[in-house]
Amino acid sequence: MNRRKFVSSLSLLALNSAYSLPSALAAHLEVETLGSPWLKNIDHYAIRSHEVGDVIAVGVKRSPVWLTEALQIPDDQPLDLVYVLDGGGVLGLVSAIADAQLVSGLKPGFPPLLLVGLDYPEGRPNARTRDYTHSDLAVPLSAEKQPPEDTIGGADNFLRFLENELDPMLRSRYNISDRPAGLLGDSYGGTFAFHALRRQSKIFDRFFLGSPGLFNTKVNYLDQFEELLQGELVNDTKLYLSFGSLEMNGGLKTYEDMGTNFNKLVSILRRSSNRQLSFRSKVYNDHTHVTVVAPAFNDALLYLYGPHQPRD
């Protein structure tokens, strides 16, 4: 699948002033509509982010018209917005799960969603290591003097891109409900989801942290998060966390470090009495960092958007 083709010969187009973005950056935000989308029924853009200082690929995926018509879902029904990190790889999976749940007869009630995949254009470096990590919230994967996309520490910039540039643009262009968005991330995507939760970004109220890359660093962010839960949250929050058992005890130190901190995070959540927070966590038996992705995304979507399930 040619999922991230970038038409480099085209210049980026300025956004129409009707988008009404909330900052001075808005007047200069540049967007290009790409002609080779990752999937069917998708709007595919390349956005030059002033916050990140790079071009981000964005795919906006809706359920196919034949499906919404068959389910008699009104055309003008506002959709809940859900961001999918590493979208070039997993947006298709998430979309298939979401569409399948729309037609579930045993547990009806799953809503149509507007899924927004985030990635990088074809022909440009994949900078997830840079954008999904805080400077002291992850382990560098490469030696010094590597290209910027292989460094760490850009999570705050990427979060500002979502808050100040992308989210207002999407809400002006699409029929989106007035509720905050969901944020789904696996691995370093889970690292970023935890970062956005810890930063208490007001644009999110539902989070999936799949095998999050949380490592032992100089700053104890887990203790800070536990302290955060003693106060009022910016939104009522729903959270799903997952990990593979073979990550946790398979003999690889990096994954085992992540697993230790995953367990610490779950313990913090279980101790919390914050009335605004509900969560569910699951360790998937006999699954690795790779094989856990599909079942975890399925369960995360069901918990975050499906029929109500009680807190663990």
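Since this is a predicted model, take the numbers as computed values, not measurements.

Our next topic: the overall build of the protein chain. Scanning the protein chain from N- to C-terminus turns up nine helices and ten strands. Among the 312 residues that make up the protein chain, the fraction classed as buried is 54%. When contacts within the protein chain are restricted to residue pairs at least 6 apart in sequence, long-range pairs at least 24 apart make up 72% of them. Summing over all exposed atoms, the protein chain offers an accessible surface of approximately 14,000 Å²; the carbon and sulfur share of this is 50%.

Here the focus is helix α6 (residues 221-228). Of the residues making up α6, those classed as buried are Y221, L222 and F225. Across the axial projection of α6, the buried residues extend over an arc of 100 degrees, all falling on one side. On the buried face of α6, the contacting elements are α5 (188-198) and α8 (253-271). Between a side-chain oxygen at the N-terminus of α6 and the backbone nitrogen of L222 the separation is 3.2 Å; the capping residue is N220.

This part is about the packing of helix α2 (residues 87-102) against helix α9 (residues 293-305). Packing of α2 against α9 brings their axes to within 10 Å, and their N-to-C directions diverge by 45 degrees. The angle between the axes of α2 and α9 places the two elements in the oblique class. The element α2 and its partner α9 pack so that their crossing is right-handed. Here V90, L93, V94, I97, A98 and Q101 of α2 lie close against α9, whose contacting residues are V293, A294, F297, N298, L301 and L302.

Another point: the environment of Q77. Relative to the elements of secondary structure, Q77 occurs in the loop between α1 (65-70) and β5 (80-85). Here Q77 falls in the partly exposed class, since its relative accessible area comes to 29%. Considered as a pair, Q77 and I176 are 99 residues apart in the sequence and their alpha carbons are 8.4 Å apart. When sequence neighbours within four positions are dropped, the list of residues in contact with Q77 reads P112 and N175.

The rules behind each value
Residues numbered from 1 in each chain as written. Predicted model: local features only at pLDDT ≥ 70, side-chain atom pairs only at ≥ 80, totals over all residues. Heavy atoms only, no water. Helix = DSSP H or I, 4+ residues; strand = E, 2+ residues; numbered from the N terminus. Buried < 20%, exposed > 50% of the residue type's maximum accessible area, 1.4 Å probe, protein only. Contact = heavy atoms within 4.5 Å. Areas by Shrake-Rupley, 256 points an atom, 1.4 Å probe, with all protein chains shown as cover. Arc of directions from axis to C-beta. Polar contact = N/O pair within 3.5 Å; in protein donor to acceptor, adjacent residues only side chain to side chain. Axes fitted to C-alpha atoms, helices over the stretch in contact; angles between N-to-C directions. Parallel < 35°, antiparallel > 145°, perpendicular 65-115°, else oblique. Left-handed = near helix turned anticlockwise from the far one by under 90°.

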